[in-house]
Every structure is written in C-alpha cells, then in structure tokens.
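Observations on the three-dimensional arrangement
For reference, the chains in residue letters:
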Amino acid sequence: MPIATPEVYAEMLDRAKAGKFAYPAINVTSTQTLHAALRGFAEAESDGIVQISTGGAEFLGGQHNKDMVTGAVALAEFAHIVAAKYDITVALHTDHCPKDKLDTYVRPLIEVSAERVAKGLNPLFQSHMWDGSAETLADNLAIGQELLAKAAAAKIILEVEITPTGGEEDGVTHEINDELYTTVDDALRTAEALGLGEKGRYLLAASFGNVHGVYKPGNVVLRPELLKDLQEGVGAKYGKAGSQPFDFVFHGGSGSTAEEIATALENGVVKMNLDTDTQYAFTRPIVDHVFRNYDGVLKVDGEVGNKKVYDPRSWGKSAEAGMAKRVTEACANLRSTGTKLK
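Attention in this report is confined to the structure presented alongside it. Positions within a chain are numbered from 1, following the residues in the order the chain's sequence is written. Owing to the predicted nature of the model, reporting of local features is limited to residues with pLDDT of at least 70; listing and counting of side-chain atom pairs is limited to 80 or more, with chain, interface and lining totals taken over all residues. In computing side-chain values, all of the structure's heavy atoms are included and hydrogens and water are not.

A look at the overall build of the protein
This is how it is decided: For the purposes of this entry, the term helix denotes a DSSP run of H or I that reaches at least four residues, the term strand denotes a run of E that reaches at least two, and both are numbered from the N terminus. Only C-alpha atoms enter the radius of gyration; for comparison, a globular chain is expected to reach 2.2 Å times N to the power 0.38, where N is the number of residues. Working definition: with a 1.4 Å probe on protein chains only, accessible area under 20% of the residue-type maximum means buried, over 50% means exposed, and in between means partly exposed. Here, Shrake-Rupley sampling with a 1.4 Å probe gives the accessible areas, and only protein chains in the shown set may cover a residue. In this charge count, Lys and Arg are treated as positive and Asp and Glu as negative; neither His nor the chain ends contribute. Where a charge lies is defined by one atom per residue type: Lys uses NZ, Arg uses CZ, Asp uses CG and Glu uses CD.
If you tally the helices and strands in the protein, you get 13 helices and ten strands. In summary, the protein has a C-alpha radius of gyration of 20 Å against a globular reference of 20 Å for 342 residues, a match within 12%. Each of the 342 residues in the protein was classed as buried or not, and the buried ones make up 53%. Carbon and sulfur atoms form 52% of the exposed surface of the protein, whose accessible area is close to 15,000 Å². Of the side chains in the protein, 34 bear a positive and 47 a negative charge, and the two mean positions are spaced by 6 Å.

Details of the environment of Ala153
Following the sequence through the fold, Ala153 ends up in helix α6 (residues 137-153). The spacing of Ala153 and Ala118 is 35 residues in sequence and 9.8 Å in space, taken between C-alpha atoms.

Some words on the packing of aromatic side chains
Condition: Two rings belonging to Phe, Tyr or Trp (six-membered ring only in the last case) form a pair when the distance between their centres is within 6.5 Å. Interplanar angles under 30 degrees mark stacking, angles over 60 mark edge-to-face geometry, and anything in between is tilted. Counting as a charge over the ring demands two things of the Lys NZ or Arg CZ atom: a distance within 6 Å of the ring centre and an angle within 35 degrees of the ring normal.
Going through the model one piece at a time under the given rule, you end up with three aromatic pairs. With a centroid separation of 5.4 Å and 85 degrees between ring planes, the pair formed by Phe21 and Tyr23 is classed as edge-to-face. Each member of the pair, Phe21 as well as Tyr23, carries the same accessibility label: buried. Taking 4.9 Å as the distance between ring centres and 70 degrees as the angle between the ring planes, the aromatic pair formed by Phe208 and Phe250 counts as edge-to-face. Remark: Phe250 occurs in strand β9 (residues 248-250) and Phe208 occurs in the loop between β8 (202-205) and α8 (226-237); sequence separation between them is 42 residues. Comparing Phe208 with Phe250, the two get one shared label, buried. One Lys or Arg, Arg223, reaches over the ring of Tyr181 and ends 5.0 Å from the middle of that ring.

With respect to the pattern of salt bridges
Applicable threshold: Each reported salt bridge corresponds to a side-chain nitrogen of Lys or Arg within 4 Å of a carboxyl oxygen of Asp or Glu.
For the coordinates displayed, the defined rule picks out 16 salt bridges. With a closest N to O distance of 2.8 Å, Glu146 and Arg107 form a salt bridge. Here Glu146 is found in helix α6, whereas its partner Arg107 is found in helix α5 (residues 106-118), with 39 residues between them in sequence. With a relative accessible area of 25%, Glu146 lands in the partly exposed category. Overall, the relative accessible area of 25% leaves Arg107 in the partly exposed class. The salt bridge involving Arg201 is made with Asp247; its shortest N-O contact spans 3.0 Å. Of this pair, Arg201 sits in the loop between α7 (184-194) and β8 while Asp247 sits in the loop between α8 and β9, placing them 46 residues apart in sequence. A residue is classified by how much of its surface remains accessible, and Arg201, at 23% relative accessible area, is partly exposed. One continuous salt-bridge network, built from bridges that share partners, spans Asp14, Lys17, Arg201 and Asp247.

Side note on the pairing of strand β3 (residues 90-94)
Filter applied, for reference: Paired strands are those between which DSSP finds at least two bridges.
Of all five residues in β3, five are buried, a share of seventy percent or more. Covered by surrounding structure in β3 are Val90, Leu92 and Thr94 together with Ala91 and His93, the residues of both alternating faces. With five bridges joining them, strand β2 (residues 48-52) and β3 adopt parallel strand pairing. Across the sheet, residue Val50 finds its bridge partner in β3, namely Leu92.

Have a look at this one:
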C-alpha cells in the first residue's frame, strides 16, 4: 500500500530510529510538486513523508476562497490515487499549524480521519503537526494533550514543536537568539504532559538552533549534540537510561552541514523537513527555460510567440525533474536511500 497505514507508518519510524536514518519530509503545494517528491523517493528507493503547510493548503484550496481543509483533503485524496504508481511507501503529514489556525486546519482534518476510521478505513493523513512554539510551554503542552488524545483515537501520530525555530514559516516568525535551544527541563515537562507513547505516539520538534528559510552554513549555530542531552535527561528520569525515548524532527535544515545532519541522526532524528531547498530546485529550471526561450514564452513586439515553449508542460517537466533530484539528494544525506519497505 503506497500510502502508509498507521501500522506501516509506525514501522517506518521504528526502522529509521533503529537504523540511524531519517525520512525527508517534503513540503508540496501542487499535484506537480507532489509528483516530484514521489519521483525523488522512488528514484532513491526510499520511503518518505509528504507534507502540506497551512500556506500550502490555502494555495491548494484555490484563491477564490482559500479554504485550507479543502486544499489539504483534495491533495491527500489525489495522493492516495497516484502514489499507487510509485514503488515506495509514503506518509501524508500536515506541517506547522499555530494556535489561531487549529480550528480551520488541524482539528477539522483530524475529524475527517476520525470519521474514516469509524467506518473501518485508514486515516486520510498519517500525522499532523501542532506548532505551539509561540505559546508558553504550559499552554503549548495543554493543547498538545488535547490534540494527542484526538489524534491517537483517529490512529494518527501528532508532531509537536515545544520551543521556537527561528526565521519565518507561513507567517509564524521567531527571532534568531538564545531561545532557540530546548532545555532538558523543557523535555522533562513534555514527557510529563504527553507521556512517552502510552498516551499516543508523537514526534518532537526540539530546537537546537534551527532556523527556517535561507541561510549559509556558519550563519546559524546548530547544536545537534543537544538532542543527546534531552534523550539522556528524560531517559534517566523515566528509567530508560541508554535508550532514546523521543522521535525527533529536524526543522530548518537548509544549509546544514553533513556533520550536523549526521549528529542529529545519531541522536534520534527520524524526520527532516525540506521546503526552501526544494522550492528553489523546482523554480530554477523554470527560470532557465524562460531565459533561454524569452521570445517564445512572451509575444514580443506583436509576434505570436511559441506555443511549444509557453505550454506549462514544457517547463513543468523540467521543474519536476529538478525537484525530484533534490529529493534524492536529501535521501542520501539522511541515509534513507535504499531503505524502502520491501
């Protein structure tokens, strides 16, 4: 089954944790970028995660009324059909959802899956993210408890972000400062509120200097070794010394060095988000096409142009290939190449 069942998704995450690799989680905003992600995974022989942010869902919902739930459901249903043609398994996920959008995004989507599960079907999405990083940790975890219970009942995994990631992601902005580092106390409070699996499985986006957006190596101080401190601190408290109680997510990975990624993988990262780099990889071939075919793409000086080069398919195929290539590179960086479920 190309779209993971709840049981298969859990197996995927367990295999990543045990094998010290992570799945690229690719943000998509159209059927074409979805195909690019699926193609990249297939060419790398890697399973993966496809995700839709609130902004991506709004775009998918159409500019007439910009309904996020409509956009997310439509692409998820499309994915369930077209993914069957790819020889890999993918999970569908929704990215960053802040408090003011929960009632118009994550909560209705959880209800969609709950209704499906009640009918004996699998959930539409396999996981959803609650981004409470702009709230106090107490409020963040209180909402997390509510969402985790609902997600677990619908056979969905919840992702929580407990402390800020710098930069900007779909209107959620955090400064780049010393607050971008999760403490052991933050992790202990999270384990106390959300449990360690007994209340429902969740992925944890902890902060170790991560920043969304575009930056060059060296401009941001990443400390992925911090994740080891969080694992050990919580493990010692809960009698799990030597284990890794958390399934971590790496946000803001653009520009990260190979060494930083490797350290994160060793310390329990099972999912790494990619958006900025794949956006560029998709757009760059389009720009090249336009520059090379300027007088064909445009009807310059009253001429008729060249339909063959302004046809969206002519540049769309190159855009898909460019993004797919970047996805295969991400699989190699995250050690998921060749690890697909047999």
